[in-house]
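Report on the structure
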Amino acid sequence: MNLPSTPAVPRFAVVGASGFIGLRTVELLSDRTDCAVVPVVRTAASLAVLARQRLDWRIAGLLAPAPLAAALRGCSVCIHAAIGDAAQIVHMAEVAYRACAAGGVRRLVWLSSASVHGQDCAPGTDEASPLHDRHPLVYNNAKVRAERRLARLARDRRVEVVVLRPGVVFGPRSRWIADAAADLAAGRAAWLDGGRGVCNSIYVDNLVEAIRLAATVPAAAGEAFLVGDAETVTWADLLLPIAAHLGRNATVFHEVATAAITPERESRFAALTLTPAYARLTALVPARAKRLAKALAAAWATPPPPPNPWSFRGAPAAKSRLTTELTLLQRCRWKLPHAKASRILGYNPPVPFAEGLRRSLAWVDFAGLGRPPTT
Ligand SMILES: NC(=O)c1ccc[n+]([C@@H]2O[C@H](COP(=O)([O-])OP(=O)(O)OC[C@H]3O[C@@H](n4cnc5c(N)ncnc54)[C@H](OP(=O)(O)O)[C@@H]3O)[C@@H](O)[C@H]2O)c1
């Protein structure tokens, strides 16, 4: 989109600008006068919300370097907030690096995740803790491999890479808030050990502040940073105010028994979607047919769910809502530190947890979440 030229301020591209974090990053950075924001999305449909602002947005495929490099031209920083399946996450890291190098982008801010350390990380974990890719969740392993891929690529020093590892990013439009409200409304809210586990929360505006610092602080180049809220927060601290807001209390949470975790299986088909042959083939197929084929492939490739390892006291197993991810998260007993981010980036979370939650609950009302489901 062609807009009148603005005074010379650095241009920050936000790749995946239509997502929860990308959208908020665009909203907050576009209010500033010391940078200009260039949202990059993969399709015109992804502009539904962004198009309400006067922005120099671009549409580009995120899975091939050349179109992304063209979209990034003129930007000094690329903030990567897109996601895909496990194979795509790793591939996107390489594409982003190569596109930045080709497009003349100086710095890539890569949104990784605290889950590279596992959702239930060992006490004492920090950025210096060694990473491995044998986690039970394929997402975690993909995030580890993406970080490794970037570290390898960055050896040519064509682009500075800064990695951010946020934990549970919450706020208006977040799935953590929406899912909790939906579970409460449907009477299937659950927790482990009374919600005593540590929730490594970060309010989305605090993450955007960390992103801005990662984009601008020279000493951040080549570093990875854990980032979180100032407070140590439990899952009960997050979930009980949502319940109270919806007129419920602690008694509505089904206590689930902790159980062995079944590792997820990686899809054997995901990597196929990254091959040039697949790209050539799909370019010839109409979008509706593609959607249908993807749905059929997913149904075929998805193995039948394992027997549910958790059971509610007094509730049918079919209502179980603690996913493997949530079970691991709620087992966590360690508040991940952001001392390194404070020291090098000058990160100091501007929004207190309680205020972040207040704004999230205002959104719950606005979005009409928490109403009982209609059948
Ligand atoms: N949310 C969290 O709690 C959290 C925590 C830690 C780390 N992170 C990381 O932060 C980043 C952003 O997360 P988010 O919660 O904002 O995700 P999100 O809301 O799901 O947004 C994902 C973005 O990626 C795009 N996208 C999805 N699939 C794609 C594909 N196959 N090819 C190209 N683009 C694709 C989406 O575009 P469309 O709108 O077109 O679908 C959207 O712009 C991710 O890397 C995630 O791993 C998130």
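Not measured: the values here are computed from a predicted model.

Criteria and thresholds
Residues numbered from 1 in each chain as written. Predicted model: local features only at pLDDT ≥ 70, side-chain atom pairs only at ≥ 80, totals over all residues. Heavy atoms only, no water. Phe/Tyr/Trp six-rings, centres within 6.5 Å; stacked < 30°, edge-to-face > 60°. Lys NZ or Arg CZ within 6 Å of the ring centre and 35° of its normal. Axes fitted to C-alpha atoms, helices over the stretch in contact; angles between N-to-C directions. Helix = DSSP H or I, 4+ residues; strand = E, 2+ residues; numbered from the N terminus. Parallel < 35°, antiparallel > 145°, perpendicular 65-115°, else oblique. Left-handed = near helix turned anticlockwise from the far one by under 90°. Contact = heavy atoms within 4.5 Å. Nonpolar A, V, L, I, M, F, W, Y, C, P; charged D, E, K, R; others polar. Buried < 20%, exposed > 50% of the residue type's maximum accessible area, 1.4 Å probe, protein only. Right-handed = clockwise from strand over helix to strand, strands pointing away. Pairing = 2+ DSSP bridges. 1 Å grid on protein atoms, 1.4 Å probe; cavity = no way out; pocket = protein on both sides within 12 Å on 5 of 7 lines; lining within 4 Å. Points joined across faces, edges and corners; volume = space filled by probe spheres on them. Near = heavy atom within 4 Å. Polar contact = N/O pair within 3.5 Å; in protein donor to acceptor, adjacent residues only side chain to side chain. Areas by Shrake-Rupley, 256 points an atom, 1.4 Å probe, with all protein chains shown as cover. Expected span 1.5 Å × (residues − 1).

Digging into the packing of aromatic side chains
Inspection of the entire model under this criterion finds four aromatic pairs. By way of ring pairs, the aromatic residues Phe-170, Tyr-203 and Phe-353 are connected into one cluster. One cation-aromatic arrangement involves Arg-175 over Trp-176; the distance from NZ or CZ to the ring centre is 4.1 Å. Here Lys-340 stacks its cationic end above the ring of Phe-225, 5.2 Å away from the centre of that ring.

Notes on the packing of helix 2 (residues 65-72) against helix 3 (residues 86-103)
Contact geometry of helix 2 with helix 3 gives a least axis separation of 8 Å together with a crossing angle of 50°. Put simply, helix 2 runs oblique to helix 3. Here the hand of the crossing between helix 2 and helix 3 comes out right-handed. Note on element contacts: helix 3 touches helix 2 through Val-95, Ala-96, Arg-98, Ala-99, Cys-100, Ala-102 and Gly-103, opposite Pro-65, Leu-68, Ala-69 and Leu-72. Considered class by class, the residues forming the contact of helix 2 with helix 3 number nine nonpolar, one polar and one charged.

Quick notes on the pairing of strand 6 (residues 160-166)
With six of seven residues buried, strand 6 is to be regarded as a mostly interior element. Each parallel crossover has a hand, and for strand 5 (residues 107-111) linked through helix 4 (residues 138-153) to strand 6 it is right-handed. Of the strand pairs in this sheet, strand 6 and strand 11 (residues 224-227) are connected by four bridges, and their pairing is parallel. Counterpart to Val-163 in the pairing with strand 11 is Ala-224.

As for the environment of Gly-195
Mapped onto the secondary structure, Gly-195 falls in the loop between strand 8 (190-192) and strand 9 (198-199). Taking the C-alpha atoms as reference points, Gly-195 and Gln-330, 135 residues apart in sequence, are found 6.8 Å from one another. Excluding its chain neighbours within four sequence positions, the residues that come into contact with Gly-195 are Thr-234, Trp-235 and Ala-236.

Quick notes on empty space enclosed by the protein
Tallied over the full model, the rule gives one cavity of 30 Å³ or more. One number sums up the size of the largest cavity: a volume of about 60 Å³. Contributing elements (two or more residues each) for the lining of the largest cavity: strand 6 and strand 11. The class makeup of the residues in the lining of the largest cavity is six nonpolar, three polar and two charged.

A few points about the site of the ligand
Around the ligand sit 22 residues in total, of which Ser-18, Arg-42, Ser-46, Ile-83 and Tyr-139 are the nearest. Interatomic distance of 2.8 Å between a backbone N/O atom of Ile-83 and a nitrogen atom of the ligand. In isolation the ligand exposes 900 Å². Once the protein is present, 80% of that is buried. Its residues assigned to classes, the shell around the ligand shows 12 nonpolar, eight polar and two charged.

What about helix 6 (residues 204-216)?
In a regular helix each residue adds 1.5 Å, so 13 residues correspond to 18 Å; helix 6 covers 19 Å between its end C-alpha atoms and thus fits that length. Restricting attention to buried positions, one finds in helix 6 the residues Val-204, Asp-205, Asn-206, Leu-207, Val-208, Ala-210, Ile-211, Arg-212, Leu-213, Ala-214 and Ala-215.

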